[in-house]
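# Geometric and topological summary
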Amino acid sequence: MTAEVQLSVQGLWKRYGAVAAVQDVSLQLPLGQTLALLGPSGCGKSTLLRVIAGLERPDAGTVRPGGQDLTHAPPEQRGVGLVFQDYALFPHLSVLDNVAYGLRRRGLPGPQARARAHETLEQVGLGTLAGRRTTELSGGQQQRVALARALAPQPQLLLLDEPLSNLDEQLRSTLRSELRELFAQLNTAVLLVTHDQREAQALADTVALMRAGALVQTGPVAEVFERPATAWAARFLGQPNLYPLPDGRVRLVPESAVQLGQGPAWPVVGRQPLEHGLRVTLAHDLGPLVLHLSPREAAGLGDTLRAAVQPDGCLTLPEEPAA
Ligand SMILES: Nc1ncnc2c1ncn2[C@@H]1O[C@H](COP(=O)(O)OP(=O)(O)OP(=O)(O)O)[C@@H](O)[C@H]1O
C-alpha cells in the first residue's frame, strides 16, 4: 500500500474486569480509505472505536492518528470526527447551529463557523434545511446532520459507529449509496463499525473481521468475502455451502467453484425467488448446495440441475476454538 497511513493501532488491549473486550488489536488505515470493522454483537467493535477516539483508556498498546502517538491524549486533540448510532443532536438549536457549534468551540469566529457549516450541510444534501430545528427532521436527515457536524472541522479520520442502525431498511439503502459517494470525495480515513455485511460491502475498501475481542481476518473487501480465513468467518459472512470434513476442518464450496450445465444432475429441493433471479438448493452428495441463478438460468430450470464442483476452487478452513 503506497497511500499515507492515517491511523495506526498497535497491540491494543482493553479489559472490563474479567472481559477482555479488545485483545491485541493492530490495524492500519491509509488516508482516503474506508475500513469496516465487522463482527457480531458484543465482539468489542464499539470499545475499539472508543479507545481510538480517546473516550476509553487502553490497558496496553498505542493509537497513532496522523502519525503521532496520541494514545493518552484527550479526544479533542486527536483530529477525529465521530458519528454514533444515537446522533445526540442539540434539540434547541437549528441544524446550522448544531453543525457550527463544534467549530465555534474550536475558536472559529461566528461568521466563518456558519459559512463552513453551510458548506458541509450542502455536501450532505441538507443545504435547504439549515434553519430547521433538528426535532423537525426525519431520522435520515438527523443522521446527515450528525455526519455534517463530524465533517465540518475537516477531520483526517472519521469514526462511525453503526451510523445507519436506527433507520429503516429503505433509508439505509439510500444512505449507503450517499455515504459511498461522500467518502469517495473526502480525502479522509474512515473507520466504520458495523455488524451488517451489506454495509461493509457497500462502503468499505477493507474489512477487519472481529470476534470475541480479537481480529480474525483483515483484507480487501472482495478478498475477505471470497476467501474467509476460518469456518467461523465464512459462517458470519453468510457463506452457505460449508461441509464438515472428518479431520475437524470445514470445506467451503464458493459459487465460483461450481460449473452449471456440467457434471451430474442434482435434484432441486428448494427455490427462493430473488429480486434478480432465483436462489436454489440442490440435494448434492456433499450436502445441500445453495446456488444463485440469473433470471435466464432460472427460466429453463427443471426438477434437476447439472452442477459440477471444481475441487480446485474449494477452500478448506480451520474451525476456531469456541469464543
Ligand atoms: N463500560 C463497560 N463495562 C463493562 N463491560 C463492558 C463495557 N463496555 C463494553 N463492555 C463489554 O465488552 C464487550 C464488548 O462490547 P462492545 O460494546 O465493544 O461490543 P460491540 O461489538 O460494539 O457490540 P454491539 O454491536 O452490540 O454494539 C462486551 O462483552 C460488553 O459487555
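Each chain carries its own residue numbering, running from 1 in the written order of its sequence. Totals for whole chains, interfaces and linings use all residues, but because this is a predicted model, local features are given only for residues with pLDDT of at least 70 and pairs of side-chain atoms are given and counted only at 80 or more.

Strand order in the open sheet formed by four strands is 14-13-12-15, with antiparallel pairing between adjacent strands. Strands with a single pairing partner mark the edges of an open sheet, and in this sheet they are strand 14 (287-293) and strand 15 (304-309). Taking each pair of neighbouring strands and ignoring which way they run, the sheet shows an average axis angle of 45 degrees. Note: strand 13 (residues 277-284) against strand 14, seven bridges, orientation antiparallel. Across the sheet, Arg279 pairs through a bridge with His292, a residue of strand 14. Two strands make a pair as long as DSSP finds a minimum of two bridges between them. Each helix is a run of DSSP H or I of at least 4 residues and each strand a run of E of at least 2, with the numbering of both proceeding from the N terminus. Note on geometry: axes are lines fitted to C-alpha atoms, helical ones only across the stretch in contact, with angles between N-to-C directions running from 0 to 180 degrees.

With that settled, consider the domain arrangement of the protein chain. Assigned domains of the protein chain: these are domain 1 (5-227) and domain 2 (233-317). Just so you know, the domain bounds were taken from an automatic or database domain assignment. Distance between the C-alpha centres of domain 1 and domain 2: 37 Å. In this complex, domain 1 contributes eight residues to the contact, which on the side of domain 2 involves six residues. Any two residues are considered in contact once their C-beta atoms, placed from the backbone, lie within 7 Å.

Now for the nonpolar core. Put simply, a nonpolar core is a cluster of buried Ala, Val, Leu, Ile, Met, Phe, Trp, Tyr and Cys residues tied together by C-beta atoms within 7 Å. Any residue whose C-beta has 12 or fewer other C-beta atoms within 10 Å is treated as exposed, any with 20 or more as buried, and any in between as partly exposed, C-beta atoms being built from the backbone. Counting residues in hydrophobic clusters, the biggest one holds 81 residues, and the most contacted among them are Leu37, Leu159 and Leu191. Sort the elements by how many residues they give to this core and helix 4 (residues 139-151) lands first, with six residues. Mapped onto the domain boundaries, this core takes at least three residues apiece from domain 1 (5-227) and domain 2 (233-317). Those residues in contact with Leu37, other than ones at most four positions away along the chain, are Lys45, Leu48, Leu191, Leu192, Val193, Ala208 and Met210.

This next bit is on the sheet that holds strand 9 (residues 214-220). Strand order across the open sheet formed by six strands is 5-6-7-3-8-9, with mixed pairing between neighbours. In this open sheet, the two strands that pair with only one neighbour each are strand 5 (80-83) and strand 9. Each adjacent strand pair in this sheet contributes to an overall mean axis angle of 15 degrees, direction not counted. Sheet topology places strand 8 (residues 206-211) next to strand 9; six bridges connect them, and they run antiparallel. Within strand 9, the position partnered with Leu209 by the bridge is Gln217.

Residues in close proximity to the ligand include Tyr16, Val19, Ala21, Gly39, Ser41, Gly42, Cys43, Gly44, Lys45, Ser46, Thr47 and His195, which together make up its full environment. Broken down by secondary-structure element, the contributors of at least two residues to the shell around the ligand are strand 2 (19-30) and helix 1 (45-53). Among the elements that take part in the shell around the ligand, helix 1 stands out by supplying three residues, more than any other. Three classes are used, and their members are as follows: Ala, Val, Leu, Ile, Met, Phe, Trp, Tyr, Cys and Pro are nonpolar, Asp, Glu, Lys and Arg are charged, and the others, Gly among them, are polar. Looking at the shell around the ligand, its residues break down into four nonpolar, seven polar and one charged. The criterion for a residue being near a molecule or strand is a backbone-placed C-beta atom within 6 Å of that molecule or strand.

Trans is the common state for peptide bonds, and a negative phi is the common state for residues other than glycine. Of note in this structure, Gln154 is not a glycine but carries a positive phi near 55 degrees. Here Gln154 lies in the loop between helix 4 and strand 6 (157-161).

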